[in-house]
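Observations on the three-dimensional arrangement
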Amino acid sequence: MNGGPSGFINAPVTRTIVIASALFTILFGIQGRSGNVGWSYQDIFKSLQIWKLIVSIFAFTSTPELVFGIYLLYYFRVFERQIGSNKYSVFILFSVIVSLLLEVLALKLLKDPSLTIFTSGPYGLIFSSFIPFYFDIPVSTRFRVFSLHFSDKTFIYLAGIQLLLSSWKKSMLPGICGILAGSLYRLNVLHVRGIKFPEFIASFFSRLNWPFTGRTSPTAPARNILGSTPFHTGRQVEENFPASLSSTTEPPEDSVATLVSMGFERNSARQALIHARNDVNAATNILLESQAH
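All of these numbers come straight from a predicted model, not from anything done at the bench.

Conventions adopted
- Residues numbered from 1 in each chain as written.
- Predicted model: local features only at pLDDT ≥ 70, side-chain atom pairs only at ≥ 80, totals over all residues.
- Heavy atoms only, no water.
- Helix = DSSP H or I, 4+ residues; strand = E, 2+ residues; numbered from the N terminus.
- Buried < 20%, exposed > 50% of the residue type's maximum accessible area, 1.4 Å probe, protein only.
- Contact = heavy atoms within 4.5 Å.
- Areas by Shrake-Rupley, 256 points an atom, 1.4 Å probe, with all protein chains shown as cover.
- Pairing = 2+ DSSP bridges.
- UniProt positions renumbered as here; feature names shortened; annotations may be inferred.
- Phe/Tyr/Trp six-rings, centres within 6.5 Å; stacked < 30°, edge-to-face > 60°.
- Lys NZ or Arg CZ within 6 Å of the ring centre and 35° of its normal.
- Salt bridge = Lys/Arg side-chain N within 4 Å of Asp/Glu carboxyl O.
- Core = buried A, V, L, I, M, F, W, Y, C linked by side-chain atoms within 4.5 Å.
- Axes fitted to C-alpha atoms, helices over the stretch in contact; angles between N-to-C directions.
- Parallel < 35°, antiparallel > 145°, perpendicular 65-115°, else oblique.

Turning our eyes to something else, we now look at the overall build of the protein chain. Looking only at helices and strands, the protein chain has 15 helices and two strands in total. The burial tally for the protein chain puts 44% of its 293 residues in the buried class. Pairs at least 24 apart in sequence give 76% of the contacts found in the protein chain among residues at least 6 apart. With the model as given, the accessible surface of the protein chain reaches about 15400 Å², and the carbon-plus-sulfur share is 64%.

Now the structure itself:
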């Protein structure tokens, strides 16, 4: 299962968060301070160590958490492609702030001695992303192992469970707070889904030329999942589903734009929507299956 073309094409904000998380985790790991990155109520409100709050948003406590966290952040770049970098930046800010507030409230109410320090990392963002993942990402393949039924989404859930249980209660509570934050965003609390940043803020990330990540210009052709060759998805869609293309009305422009924002080529998106009778989820499945051939 993938989120469209490989790499960080049309996902500059995700690219920045992934690299920042890796750099902070490695930096504090080299210094032997990984265990001291997590924040506590006393650190923030009594000692005023605000830097811990900022660092804990990015730096993971251990290498296994970094591996699973980066994997999930990388996959969830599909949401930035779907709603655009501007609104995705709002989603990130809302998820992080709300999850942190819920964590503070939980610390105050639970008064559990074992929860004096939470594990660090972008748990709020990762687990809030599971809400749109559950509701908005369609299943593209299903399979069965013995008598158990699975789908391609199963691996994402398993990675999330591993990360959620990585530090027991110290990671479970931030994960649950992240899920609650994602639910509040989906419920459009305070009309947050209609908020947009000034364009220069969101476009700032696209101007960052991080080393080893590459950069895609606005006029550069989209790349496919296998490497650097241009998409041939449109031709594959037409070959795999040639029937009834000419007899169907033109798909709505907003549906085409949704698929294009996820990283698919425009003509491919149009043909997939025609075959799927303008069902965006079904068209997404068609495009993903075409890329797999």
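With that settled, the discussion passes to the pairing of strand β1 (residues 142-145). Pairing analysis gives four bridges linking β1 to strand β2 (residues 148-151), with the strands arranged antiparallel. Following the sheet pairing, arginine 142 is matched in β2 by serine 151. The antiparallel hairpin formed by β1 and β2 contains two residues in its connecting segment, where phenylalanine 146 sits at a positive phi of about 55°.

The next subject is the UniProt feature "transmembrane region" (unreviewed entry) in the protein chain. Taken from the UniProt record, the annotation "transmembrane region" (unreviewed entry) applies to residues 12-30, 50-76, 88-109 and 115-135. The span residues 88-109 is 100% helix and 0% strand, and its two end C-alpha atoms sit 31 Å from each other.

What follows covers the packing of aromatic side chains. Taken as a whole, this structure holds 20 aromatic pairs when the rule is applied. With 4.9 Å between their ring centres and 90° between their planes, tyrosine 134 and phenylalanine 135 make a pair best called edge-to-face. Given a relative accessible area of 55%, tyrosine 134 falls into the exposed group. By relative accessible area, which is 48% here, phenylalanine 135 ends up partly exposed. A network of ring pairs unites the aromatic residues Phe60, Tyr75, Phe76, Phe79, Tyr123, Phe127, Phe130, Phe133 and Tyr157 as a single cluster. Stacked on the ring of phenylalanine 133, the Lys or Arg lysine 153 has its end atom at 4.6 Å from the ring centre.

So, about the pattern of salt bridges. Tallied over the full model, the rule gives three salt bridges. With its nearest N and O atoms 3.2 Å apart, the salt bridge here joins arginine 186 to aspartate 136. Of this pair, arginine 186 sits in helix α10 (residues 169-186) while aspartate 136 is found in helix α8 (residues 130-136), placing the two residues 50 residues apart along the sequence.

Counting 46 residues, the largest nonpolar core has Leu72, Phe76, Ile126, Phe130, Phe133 and Leu259 as the members making the most contacts within it. Looking at which element gives the most residues to this core, the answer is helix α6 (residues 85-110), with eight residues. Excluding residues that lie within four positions of it along the chain, phenylalanine 130 makes contacts with Leu72, Phe76, Ile156, Tyr157 and Gly160. Listed in part, the five residues of the second largest apolar core include Ala106, Leu107, Phe118 and Leu173.

For serine 129, the location among the structural elements is in the loop between α7 (123-128) and α8. When its relative accessible area of 1% is taken as the criterion, serine 129 is described as buried. Measuring from C-alpha to C-alpha, the distance between serine 129 and phenylalanine 79 comes to 8.3 Å, with 50 residues separating the pair along the chain. If sequence neighbours within four positions are ignored, serine 129 has contacts with Phe76, Phe79 and Phe91.

Before going further, it helps to examine the packing of helix α1 (residues 12-30) against α6. Direction vectors running N to C along α1 and α6 enclose 40°, while the axes themselves pass 9 Å from each other. Compared by their axis directions, α1 and α6 come out oblique. Here Pro12, Val13, Thr14 and Ile17 of α1 lie close against α6, whose contacting residues are Ser85, Tyr88, Ser89 and Ile92.

The next subject is unusual backbone geometry. A positive phi angle is found at asparagine 10, which is not glycine, with a value near 60°. Along the chain, asparagine 10 turns up in the segment before α1. One non-glycine residue with positive phi stands out, namely tryptophan 168, at about 55°. Structurally, tryptophan 168 is set in the loop between α9 (154-164) and α10.

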